[in-house]
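Inside the fold
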Amino acid sequence: MKFSTSTLVLLAATLAVAIENKRFIVTYNDATDDAVVEKAILDAEAAGLKVTNQFRIIKGFTADADTEHGCDYIKSLKFDQHMPNVEEDSIVTTQGSSK
């Protein structure tokens, strides 16, 4: 079976970029201006992330990333001048393992 070069390049790019969907939680200090959070949400969406929740009492949001670029972008927020807390969503228990 023969594949064209463009088909192989497209397949390789798809395999290299696609990852398991990861959800991230991004929270900001209470003193952070709402406009900063809104801009971060718009920037995350522009980077290809899907913002799934926006928090009002705690300033922040959750976003799903399904590409390496999305994961890299959301992790880079840790170094933003407003210093949000960025963590990958996970199960947390008080009684040990959930499994």
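Residues numbered from 1 in each chain as written. Predicted model: local features only at pLDDT ≥ 70, side-chain atom pairs only at ≥ 80, totals over all residues. Heavy atoms only, no water.

Looking up the protein in an unreviewed UniProt entry gives the name Inhibitor I9 domain-containing protein, with the organism given as Discina gigas.

When helices and strands are tallied, the protein shows 3 helices and 4 strands. In the protein, the order of α-helices and β-strands from amino to carboxyl end is α-β-α-β-β-α-β. For the protein, the proportion of its 99 residues judged to be buried stands at 26%. Within the protein, contacts between residues at least 6 apart in sequence are counted, and of these 62% link residues at least 24 apart. Carbon together with sulfur atoms contributes 56% to the accessible area of the protein, which is approximately 7,200 Å² in total. (Helix = DSSP H or I, 4+ residues; strand = E, 2+ residues; numbered from the N terminus. Buried < 20%, exposed > 50% of the residue type's maximum accessible area, 1.4 Å probe, protein only. Contact = heavy atoms within 4.5 Å. Areas by Shrake-Rupley, 256 points an atom, 1.4 Å probe, with all protein chains shown as cover.)

On to unusual backbone geometry, then. Despite not being glycine, M83 shows a phi value in the positive range, around 50°. Considering the arrangement of structural elements, one finds M83 in the loop between α3 (68–76) and β4 (85–88).

As for its placement among the helices and strands, C71 is situated in helix α3. Distance from C71 to R23, taken between C-alpha atoms, is 9.1 Å for residues 48 residues apart in sequence.

In this section: the nonpolar core. V26, Y28, L49, F61, I74 and L77 are the most contacted members of the largest nonpolar core, which has 18 residues in total. The element that contributes the greatest number of residues to this core is helix α2 (residues 34–46), accounting for 5 residues. (Core = buried A, V, L, I, M, F, W, Y, C linked by side-chain atoms within 4.5 Å.)

Moving on to the environment of G48. Along the chain, G48 falls in the loop between α2 and β2 (50–55). Sequence separation between G48 and Y73 is 25 residues, and the spatial gap between their C-alpha atoms is 9.3 Å.

On inspection of all chains with the given rule, the structure shows 3 salt bridges. For D34, the salt bridge goes to K59, with nearest N and O atoms at 3.2 Å. One end of the pair, D34, is in helix α2; the other, K59, is in the loop between β2 and β3 (60–67), and 25 residues separate them in sequence. What makes K59 buried here is its relative accessible area of 17%. (Salt bridge = Lys/Arg side-chain N within 4 Å of Asp/Glu carboxyl O.)

On the surface, E20, E87, E88 and D89 cluster together into a negatively charged patch. Structurally, the position occupied by E88 is in strand β4. Judged by its relative accessible area of 40%, E88 is partly exposed. (Patch = residues over 30% accessible without salt bridge, like charges linked within 9 Å, V, L, I, M, F, W, Y side chains within 5 Å. Lys, Arg positive; Asp, Glu negative; His and termini not counted. Charge placed at Lys NZ, Arg CZ, Asp CG, Glu CD.)

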